[in-house]
Every structure is written in structure tokens, then in C-alpha cells.
Amino acid sequence: MPDSRLGKAVIASPLAIQGLTVSYDHRPVVHSVDFITPPGSMSAIIGPNGAGKSTLLKAALGITRRLSGEVRVFGRPLEQETRHLAFVPQRSSVDWDFPARVIDVVGMGLYRDLRWWQFGSRQLRRRAMESLARVGMEGFAERQIGQLSGGQQQRVFLARALVQEADLTILDEPFAGVDAATEAAIIEVLKSLRDEGRTLLCVHHDLATVRDYFDHVLLMNVRRIAAGPVDEAFTEENLQATYGGRLSPVQLARLVESPRAGRRVEAGQR
């Protein structure tokens, strides 16, 4: 008999991934991964280089073709619930030479909700400016996006997600290549969204901040190794299984016993 508890969890979950597999050149890079994102939480996907973390997200979002598996957003097929979802891609995947102002980039997040005659309207600008203010970038509204620093660009893309007022926000390496001040500003905004009842899912590479930043975690290395609340899943045993014994006993003790290790332990960029 099917597990009715699993069915109820899928219906209630902002994002439910079941049996997702992605293959490149007949080689599985994500193999039969299950993950249910708890509502009103901040969840991290962690694993070493080549673990398939970003590929999992892109396949779940339909950006990358999946070989098999099912994805549901608030209990419905992804295609029916895109209005409730916002995505912040890796900064390295964006063409920053595109001649667009900051205000225009943020406004793009509203285009699916507006009619053509509303493009460029005062309503759009007001909402975009409110989102920019939330990430501390309102003073850069007229600046060309390519003229900003990496951290500033990341804040703008977060503002583009904020303006959508999505119930589920998915971020691919939001802290990669940003300075400490930008990271602190981003995590403050993300935690405030969680406190408002929104759900956030991030690919994350700094093991030292997992306990401080996130409520839940998915550890994967092509396959799912473990998933659950950080206090339960972020263990020495699961970390060793995920990273293939590459973490030293000292690193493991620091990560598991302390909320902040005080030093970055990188988990990979893929």
C-alpha cells in the first residue's frame, strides 16, 4: 500500500522531488533523488564538486531535462505553479554585458504578472524600488547592471526574486564570490522571508555556516545521502559518506559541535 503520510507531505510541501534522475552522455549525474522541502523553512543542498547539486535544482525547475522523476510545487505539477516560485541563478551563468539598468532587471520579475501597457509604469517602478531598498541597492536603480560589483549584482538578482513575492524561492549558490558584508545582508533578507512564512532552498558550499544559516539540509553525492533537520542530518557519519572521507576528524568535530566553525569549509561549486 502507498504511504499516505508521504502523500500528505508531498501535497503540503512547497517543493517535492521524487525519483529525479539526470544523465549526461549516458552517465547519471543525479540518480533517483527524493527530497521534500518543509514549508516555512530554509533548506540547503550540500555536497562535493560534481555531486549534482545545481543540476538537481535545474532539473527540478525544468531548465535541464530530467531522465525520470516527478516534481510538484505545493502539490501540483511545476508548470501549474510557476507564479508561486522565484529563482536566483548562479551569478556566473548570467550575461552581465547585457545593456540593462538595475531597475529594469528587477522589473523583469514582474513581467508575468503585468499587461503590456503596464510595462514601465509607476506601479512597477514602485515595487521594484521597494525590493531594491530591501537589499540596500535603491541608490543604484539607474546604474547599468554590468557596472556593479559581484556582490551588488547578486543583491540585484535577489531583489528581482523579492519583487515576485513568491512563496518558494530557489537560489543557486547565492553566497558564491560575494564579500562578507554582502553575504550578511543576503542572509538577513532570506531569514526575514522565512520568518514571514516563505520557503527557501539554496545550493550551498560553505559547510561552516550550514548550522547557523539553515533549518534543513539535503546531503547528496549524485544520490541522496541524507536529509532532514540540520540537527539530525548534519552529522559526522553523513558528512563522511557525502564527502568520501575527505574531511578530517578535526573539521568534522568543528562542523558538528559548533553553530559556526569560524572558518570556511568549502563543499564544491557544482
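All of the points below concern the structure found in this document. Since we're looking at a predicted model, the values are computed, not measured. (Residues numbered from 1 in each chain as written. Predicted model: local features only at pLDDT ≥ 70, side-chain atom pairs only at ≥ 80, totals over all residues. Heavy atoms only, no water.)

## Points about the environment of Ser32
Right, so step 1: Note on placement: Ser32 falls in strand β2 (residues 27-37).
Right, so step 2: By relative accessible area, Ser32 is classed as partly exposed at 40%.
Right, so step 3: C-alpha of Ser32 to C-alpha of Leu20: the two residues are 12 residues apart in sequence and 4.7 Å apart in space. (Helix = DSSP H or I, 4+ residues; strand = E, 2+ residues; numbered from the N terminus. Buried < 20%, exposed > 50% of the residue type's maximum accessible area, 1.4 Å probe, protein only.)

## Things to note about the pairing of strand β3 (residues 42-46)
Right, so step 1: The element β3 is largely enclosed, with a buried count of 5 among its 5 residues.
Right, so step 2: Bridge count for β3 against strand β8 (residues 199-203) is 4 bridges, and the pairing is parallel. The residue bridging Met42 from the neighbouring strand is Leu200, located in β8.
Right, so step 3: Bridge count between β3 and strand β9 (residues 216-221): 4 bridges; the pairing is parallel. Bridging across to β9, Ile45 finds its partner in Leu218. (Pairing = 2+ DSSP bridges.)

## Some thoughts on the environment of Met220
Right, so step 1: Residue placement: Met220 occurs in strand β9.
Right, so step 2: Assessed through its relative accessible area of 0%, Met220 is described here as buried.
Right, so step 3: Filtering out sequence-adjacent residues up to four positions away, Met220 remains in contact with Val30, Val33, Ile45, Ile46, Gly47, Pro48, Ala51, Gly52, Lys53, Leu56, Ile225 and Thr242. (Contact = heavy atoms within 4.5 Å.)

## Examining the pattern of salt bridges
Opposite charge on two side chains permits pairing when their charged atoms draw close.
Right, so step 1: This model, assessed by the stated rule, comprises 10 salt bridges.
Right, so step 2: Here Glu81 and Arg76 are joined by a salt bridge, their closest N and O atoms 2.7 Å apart.
Right, so step 3: Across the salt bridge formed by Arg101 and Glu142, the nearest N and O atoms sit 2.5 Å from each other. Taken together, the residues span a long stretch of sequence, with Arg101 in the loop between β6 (85-88) and α3 (102-107) and Glu142 in the loop between α4 (122-134) and α5 (150-162) at a distance of 41 residues.
Right, so step 4: For Arg101, a relative accessible area of 29% translates into the label partly exposed.
Right, so step 5: By sharing partners, the salt bridges in this structure join Arg101, Asp104, Arg125 and Glu142 into a single network. (Salt bridge = Lys/Arg side-chain N within 4 Å of Asp/Glu carboxyl O.)

## Comments concerning the packing of aromatic side chains
Right, so step 1: Taken as a whole and assessed by the stated rule, the structure comprises 2 aromatic pairs.
Right, so step 2: Arranged with centres 5.5 Å apart and planes meeting at 55 degrees, the rings of Phe175 and Tyr213 form a pair that is tilted. In this pair, Phe175 sits in the loop between β7 (168-172) and α6 (180-195) while Tyr213 sits in helix α7 (residues 210-213), placing the two residues 38 residues apart along the sequence. Just as Phe175 is buried, Tyr213 falls in that class too. (Phe/Tyr/Trp six-rings, centres within 6.5 Å; stacked < 30°, edge-to-face > 60°.)

## A look at the sheet that holds β2
Within a sheet, each strand pairs with its neighbour through backbone hydrogen bonds, oriented either parallel or antiparallel.
Right, so step 1: Taken in spatial order, the 4 strands of this open sheet run β2-β1-β4-β5, and their pairing is antiparallel. With partners counted over all chains shown, the strands left at the sheet margins are β2 and β5 (76-77), one partner each.
Right, so step 2: Taken together, the 2 bridges between strand β4 (residues 68-73) and β5 define a ladder with antiparallel strand orientation. Residue pairing in the sheet places Arg72 in a bridge with Pro77 of β5.
Right, so step 3: Lying over the sheet, helix α2 (residues 53-60) contacts β1 (15-24), β2 and β4, oriented at roughly 115 degrees with respect to β1. (Axes fitted to C-alpha atoms, helices over the stretch in contact; angles between N-to-C directions.)

Everything listed here is a matter of geometry and, on its own, says nothing about what the molecule does.
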